[in-house]
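Overview (structure and organization)
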Amino acid sequence: MTLLAPIIEQTAFSLRQNEYEQIAFLFDETSHSLFYSRWAPGPNLTKEPYSALTQLIQGIYEFYPEMARKRVRNRIYATFSPTEMCLGMVKVAAKRLTANVTPKNHGLTHLLDPIEIRGFNRPIFEMSGIEPYKKVSLINPTHSDFMNISIQRASEMPQKEQRYLSNRPIVAILVSKENQLLSWAQNTNSKNRTLHAETLLIQNYYTLTQQGLPIDSKIYTTLKPCKMCAAMIWQSAEDIRRLKVFYQTFDPGPNAAQTVLNPPSFERKRASRCHEDLQIEIETQLI
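Residues numbered from 1 in each chain as written. Predicted model: local features only at pLDDT ≥ 70, side-chain atom pairs only at ≥ 80, totals over all residues. Heavy atoms only, no water.

1. So, the sheet that holds strand S4 (residues 97-98)
The strands making up a sheet are joined through hydrogen bonds of the backbone, oriented either antiparallel or parallel. Using the following cut-off: At least two DSSP bridges between two strands are needed for those strands to be called paired. Strands here mean DSSP runs of E at least two residues long; helices mean DSSP runs of H or I at least four residues long; both are numbered from the N terminus. Every residue pair with non-hydrogen atoms within 4.5 Å of one another is taken to be in contact. Structural elements are reduced to axes, namely lines fitted to C-alpha atoms, with helices fitted over the stretch in contact, and the angle between N-to-C directions of any two is expressed from 0 to 180 degrees.
Spatial strand order, S4-S3-S1-S2-S5: five strands in an open sheet with mixed pairing. In this open sheet, the two strands that pair with only one neighbour each are S4 and strand S5 (113-116). Sheet strands in contact with helix H2 (residues 52-63) are strand S1 (22-28), strand S2 (33-39), strand S3 (76-78) and S4, and its direction is about 130° off that of S2.

Right, here's the structure in full:
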């Protein structure tokens, strides 16, 4: 970044409106554009499943799907320290990140057209789709009972002959300590690579409640969470020591085999703040 430092610092300075907001941006020379996103962290910052960086990546995929994958492979710059959630999304859906950029005025002018990415902080799925299951009376429900709800919902997802035109049949549900269904989501990543079921589940729940994942709640998902989803679970839990994740199918791919939910992964070591964090068991496969 040495030779580009004045340009990067000037860009951050020009985009920032106040010292409290986060800025994330990238240069796309193909379209002669500067894509950027601002984010003003809310009062529940540590549990918020959004940031300037997640909004930038998710928004580019959402609003510019045809060129999204190529655009997000450009280096992303951020004026803040990335959370595990931010790093997970970069790992799975983008490529490179330079963080903690210091905004500084070098007296330079922009040569690229600035395009702001905003508005990607809305609920995706309403609870109406899970209502039939909320009314089911389960006596002493087991983990398998709840997993079967996710499996059944996934089996109902339409699949086209060309696999790349279909969303992967993955569904996740959130269940409270009292065994109440709180939220659900299905994978919709055929066009937007960030819209995995668990990510949508968390963002949907937070947008509707302004709360993190409740203490002693459980997530049931049909596929082992990837690094992006695992990191968002880790960040969004009100108490990660009192949250459990159950999955049906193991994903051996490089983005899921070892995540922050699995000790002693690199991500777990990076995210842990104490010895207890290193040891806790969060994820379990239901066979």
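Next, the rest of the story.
2. Remarks on the packing of helix H4 (residues 84-93) against helix H8 (residues 227-236)
Rules: Angular relationships are summarised with four words: roughly parallel below 35 degrees, roughly antiparallel beyond 145, roughly perpendicular across 65 to 115, and oblique for the angles in between. Note on residue classes: Ala, Val, Leu, Ile, Met, Phe, Trp, Tyr, Cys and Pro are nonpolar, Asp, Glu, Lys and Arg are charged, and everything else, Gly too, is polar.
Two numbers describe how H4 lies on H8: the axes approach to 7 Å, and their chain directions differ by 170°. In this view, H4 runs roughly antiparallel relative to H8, as classed from their interaxial angle. Contacts between H4 and H8 involve Glu 84, Met 85, Gly 88, Met 89, Lys 91 and Val 92 on the former and, on the latter, Lys 227, Met 228, Ala 231, Met 232 and Gln 235. When grouped by side-chain class, the residues that make up the contact of H4 with H8 number six nonpolar, two polar and three charged.

3. With respect to the packing of aromatic side chains
Put simply, the rule reads: For Phe, Tyr and Trp, where Trp contributes only its six-membered ring, two rings pair if their centres lie within 6.5 Å, and the inter-plane angle classes them as stacked under 30 degrees, edge-to-face over 60, or tilted in between. Type-normalised accessible area, obtained with a 1.4 Å probe on protein chains alone, sets the label of each residue: buried when under 20%, exposed when over 50%, and partly exposed for intermediate values. Over a ring means this: the NZ of a Lys or the CZ of an Arg is within 6 Å of the ring centre and within 35 degrees of the ring normal.
Tallied over the entire structure, the rule returns seven aromatic pairs. Aromatic pair Phe 146 and Tyr 220: ring centres 5.4 Å apart, planes at 35°, arrangement tilted. Residue Phe 146 is found in helix H6 (residues 143-155), and its partner Tyr 220 is found in strand S8 (residues 218-223); the two are separated by 74 residues along the sequence. The buried category is assigned to Phe 146, whose relative accessible area is 3%. Given a relative accessible area of 0%, Tyr 220 falls into the buried group. Of the aromatic side chains, those joined through ring pairs into one cluster are Phe 25, Phe 27 and Tyr 77. Above the ring of Trp 184, the side-chain terminus of Arg 153 is found at 4.3 Å from the ring centroid.

4. Examining the pairing of S8
Regular strands place side chains that alternate from one sheet face to the opposite one. Counted only if it meets this: If the strands point away from the viewer and the path from the first strand over the helix to the second runs clockwise, then the crossover is right-handed.
In terms of burial, S8 is a largely internal element, six of the six residues being buried. In this sheet, S8 lies alongside strand S6 (residues 171-175) in antiparallel orientation, the contact comprising four bridges. Counted as the bridge partner of Leu 174 is Ile 219 from S8. For S8 and strand S9 (residues 244-249), the ladder comprises five bridges, and the chain directions are parallel. Bridge assignment links Leu 223 to a residue of S9, and that residue is Thr 249. Read as a crossover between parallel neighbours, the route from S8 over H8 to S9 is right-handed.

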